[in-house]
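# Geometric and topological summary
Single-letter residue listing:
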Amino acid sequence: MKRGDKVGIILASLLAFYIFFPLGVMILESLATQWYRIQKWWAPEKVGIKWYVQVFQTPEIFKAIWMTFVIAITVAVFVILLNLLPAYVIGTGKIKFGRDFFETFGSIPQTVPAVALGVGMLPVYSRLGWLYTFHGIVLAHSVGAVPYVFRNLTNGFASIDPELEEAAKVFGAKGLTIIRKVYLPLLKPYLAAAGVLAFAWSINEFVLTMLLGYPTIATIAVKVYQNAGGYYWAPHLAGALSTLLVVPSLILIFLLEKYTGISLQRV
Amino acid sequence: MLKVVNLKKYYGKTRAVDGVTFELKRKDEFFSLLGPSGCGKTTTLRIIAGLIKPDEGRVYFGNEDITDVPVEKREVGFVFQSYALFPHMTVFENVAFGLKLKKLPEEEIRKRVKEALELVGLQGLEDRYPRQLSGGQQQRVAIARAIAVHPKMLLFDEPLSNLDAKLRERVRFELVELQKKLKIPAIYVTHDQAEALVISDRIAVMNRGRIEQIGTPYEIYKRPKTPFVADFIGISNFLEGRVVGVDNEKGIATVEIKEGISLEGFLSRNVHKGSKAIISIRPENIRLAQKEGVNVVESKVVKKTFLGDSYDYRLVLGDIELRMKTGPEVELEVGQIVKVELKECIVFPKERR
């Protein structure tokens with residue numbers, strides 16, 4: 001083995017450690033109920049699910065958890081419904097324009113700092129009275145979820161042989177029957193991917209929620225911020241909450257890869 | 001039977017179908033639409049199926065005008081180029097698709113699916129998914145699905161183009177056999193002239209949205225009405241010249257193709273003495289001649305290619321090149337001067353395009 005290769009392997013291991021280190025600390029924080037004082041300051045003396053129990057027993061935090069998932073599911077469903085028809089006409093090539101536009105510019109809302117988007121939304125929301133409202137937050141989260149969902153659904157529709165729709169028609173199907181019997185079953189993996197990504201985007205969204213929703217709408221992400229020093233110093237609660245934030249996304253992504261074969265690397 | 005009258009379909013400035021009219025004569029006629037890609041054959045088929053609405057023209061079935069009948073009510077069996085099998089359904093579910101939508105009783109559906117699969121020789125594969133089948137089997141499922149609904153007519157959109165050459169040749173005959181057994185009219189779209197000649201009762205040769213000629217395979221091959229047909233079906237040599245004599249009674253014209261060399265050929269359409277004309281000759285209709293005579297010319301062999309069952313010779317007649325096809329026993333050498341007879345020439349009026 002060449003020397004450069006060895007160095008490469010060591011660096012790769014360090015990178016892997018670096019990537020997962022914060023997650024490890026987070027989980028450790030959430031499970032440690034007591035830490036050693038002076039020596040071995042980095043190791044917990046006792047572990048347990050105490051903080052998780054506390055999280056669920058604090059009404060306002062419990063409400064935030066509940067709110068987070070309700071918003072995320074609403075965002076996923078809403079964005080999918082919003083994108084179905086556009087993805088159909090563009091994905092099946094019924095209209096020739098649009099795809100490139102979305103491919104090129106569609107992910108801008110994801111890549112610009114959320115705070116900038118928030119600044120753009122704030123005056124409009126304030127004028128419309130959407131600040132601190134459920135639908136306001138759903139709409140704000142949806143902006144960033146659209147590109148994921150659009151891309152997945154467009155790819156889904158594009159992967160379906162247009163002659164299948166014609167075959168369904170020739171053999172007596174129309175409208176809803178075609179959607180139910182042909183498109184939906186074939187779109188299932190793409191719908192799942194789109195849904196998971198939109199869901200994950202929403203539960204991870206912090207800045208817009210803070211800017212446009214708080215205090216009426218507080219999600220897990222907001223509570224994590226508050227407990228991690230924003231308002232209080234309670235890293236153990238923040239850790240437990242963060243774990244609750246991360247684990248559902250990880251499970252969903254794992255299931256998605258396992259059952260639909262859609263890898264997030266390709267998304 | 002099926003009749004289409006003056007079908008027109010324009011896409012912007014492109015005239016995909018530009019006045020297509022034809023009528024099926026018999027209940028079990030196998031009718032082909034043959035032409036190069038973009039000639040309008042598939043669009044015509046789709047108009048007949050109801051998948052595309054024509055801009056103008058009518059489609060009749062029997063005495064009924066079905067132009068405005070929606071596709072799902074036309075009761076046609078369609079075999080798609082990609083087969084268009086539903087990938088998430090088993091063979092049984094694919095074949096039963098149309099039957100279930102008709103809300104037939106379970107028993108009847110089972111019976112019909114079994115019948116259709118037996119007809120195409122696929123019994124026992126009911127529970128497979130399309131991806132588990134070979135191309136040839138998938139194609140049979142597509143045919144079974146089309147016939148299971150007991151359609152009024154069968155429509156084929158280049159159904160054999162995705163099969164390998166050997167299989168394609170076998171399936172051609174099976175298709176015709178099946179269709180004659182079912183006694184329903186079939187319209188078959190293809191760009192493969194050999195395929196069309198083998199399977200069709202009649203062929204409509206299409207070009208640029210129009211029908212150039214309708215006829216039996218024999219007529220289309222032997223008596224092409226236009227240079228396009230002569231060129232598209234089989235291989236033809238084309239020579240240009242001036243009409244020097246017309247015998248309308250016999251249907252023969254004489255065309256001078258070079259100073260002192262004139263050829264006689266069958267008239268495809270009326271030509272006038274003195275006007276320009278095109279003569280077509282098939283390579284296999286050029287034969288070695290022993291003695292002088294009508295249509296016998298002297299030429300020089302310039303190229304010789306062995307094709308297994310035949311020879312392909314290039315001859316030159318001054319600046320005119322001719323392709324000659326002979327049996328493998330005809331041995332000529334490059335450079336040799338030979339007398340050849342040009343048989344079954346066809347004379348076309350030269351039109352400005």
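Treat the numbers as computed from the prediction; the structure is a model and nothing was measured. One numbering rule holds for all chains: residues counted from 1, following each sequence as written. All chains are assigned letters beginning at A, and all ligands numbers beginning at 1, according to the order in which they are written. Restriction of local features to residues with pLDDT of at least 70 applies here, the model being predicted, together with a cutoff of 80 or more for giving and counting side-chain atom pairs; totals for whole chains, interfaces and linings are based on all residues. The side-chain numbers reported here are obtained from all heavy atoms of the structure, hydrogens and water having been left aside.

## Points about the pairing of strand 17 (residues 311-317) of chain B
Residues and elements named next belong to chain B.
- Per-residue accessibility, obtained with a 1.4 Å probe over protein chains only, is compared with the maximum for each type, and a residue is labelled buried under 20%, exposed over 50%, and partly exposed between these values. The numbering of helices and of strands both runs from the N terminus, where a helix is a DSSP run of H or I of at least 4 residues and a strand a run of E of at least 2. Along strand 17, 5 of the 7 residues are buried, which leaves the element largely enclosed by surrounding structure.
- Sheet topology places strand 16 (residues 296-306) next to strand 17; 6 bridges connect them, and they run antiparallel. Paired with K300 across the two strands is V316, which belongs to strand 17.
- Pairing between two strands requires that DSSP report at least two bridges joining them. As defined by bridge partners, strand 17 adjoins strand 18 (residues 320-326) across 7 bridges and the pair is classed as antiparallel. Looking across to strand 18, one finds that Y311 is bridged to T326.
- Where strand 17 folds back onto strand 18 in an antiparallel hairpin, the turn is made up of 2 residues, including G318, whose phi is positive at roughly 65°.

## Remarks on the interface of chain A and chain B
- Residue contacts are defined here by distance: any two heavy atoms, one from each residue, within 4.5 Å place the two residues in contact. At the interface, 17 residues of chain A touch 25 residues of chain B.
- Buried surface area refers to the total accessible area, computed with a probe of radius 1.4 Å, that the two partners give up upon joining, counted for both partners together. If you sort the residues of chain A by the area they bury against chain B, E163, V170 and F171 of chain A come out on top, with a joint share of 40%.
- For this document, the term salt bridge refers to a Lys or Arg side-chain nitrogen within 4 Å of an Asp or Glu carboxyl oxygen. Applying the counting rule to chain A against chain B returns 3 salt bridges.
- Any N or O atom pair separated by 3.5 Å or less is treated as a polar contact, with the protein-specific requirement of one donor-capable and one acceptor-capable atom, and with residues adjacent in sequence counted only for side-chain atom pairs. On inspection of chain A and its partner chain B, the count reaches 5 residue pairs in polar contact (both at pLDDT 80 or more).
- At the level of secondary structure, the elements contributing two or more residues to the side of chain A that touches chain B comprise helix 8 (162-170) and helix 9 (175-204) of chain A.
- With 7 residues, helix 8 of chain A is the largest single contributor of residues to the side of chain A that touches chain B.
- For the side of chain A that touches chain B, the residue count by class is 9 nonpolar, 2 polar and 6 charged. Three residue categories are used. Nonpolar comprises Ala, Val, Leu, Ile, Met, Phe, Trp, Tyr, Cys and Pro, charged comprises Asp, Glu, Lys and Arg, and polar comprises the others, including Gly.

## Some remarks on the packing of aromatic side chains
- Ring geometry is summarised as follows: Phe, Tyr and Trp rings, the Trp one being its six-membered ring, pair when their centres sit within 6.5 Å, and such pairs are stacked at plane angles under 30 degrees, edge-to-face over 60 and tilted between the two. Applying the stated criterion across every chain, the model contains 24 aromatic pairs over all chains.
- Consider the rings of F69 of chain A and F199 of chain A, whose centres lie 6.0 Å apart with planes at 15°: the pair is stacked. Of this pair, F69 of chain A sits in helix 3 (residues 59-91) while F199 of chain A sits in helix 9, and the two are 130 residues apart along the sequence.
- Classification of F199 of chain A by relative accessible area gives buried; the value is 10%.
- Site record: aromatic cluster; members linked through ring pairs are F206, Y214, Y225, Y231 and Y232 of chain A.
- The criterion for a charge sitting over a ring is simple: Lys NZ or Arg CZ within 6 Å of the ring centre, and within 35 degrees of the ring normal. Lying over the aromatic face of F86 of chain B, R145 of chain B brings its terminal NZ or CZ to 5.1 Å of the ring centre.
- In this structure, R223 of chain B is placed above the aromatic ring of F266 of chain B, and the distance from its NZ or CZ to the ring centre is 4.0 Å.

## Quick notes on the confidence of the model for chain B
- Confidence scores labelled pLDDT are given residue by residue by the predictor and lie between 0 and 100. In the predicted model, chain B carries a mean pLDDT of 93, and the fraction of residues at 70 or more is 99%.
- For this predicted complex, the interface score ipTM comes out at 0.83, alongside a pTM of 0.81.

## As for the environment of L208 of chain A
All names here are of chain A.
- Structurally, L208 can be placed in helix 10 (residues 207-212).
- Overall, L208 belongs to the buried group, its relative accessible area being 3%.
- For the pair L208 and K223, spaced 15 residues apart in sequence, the C-alpha separation works out to 14 Å.

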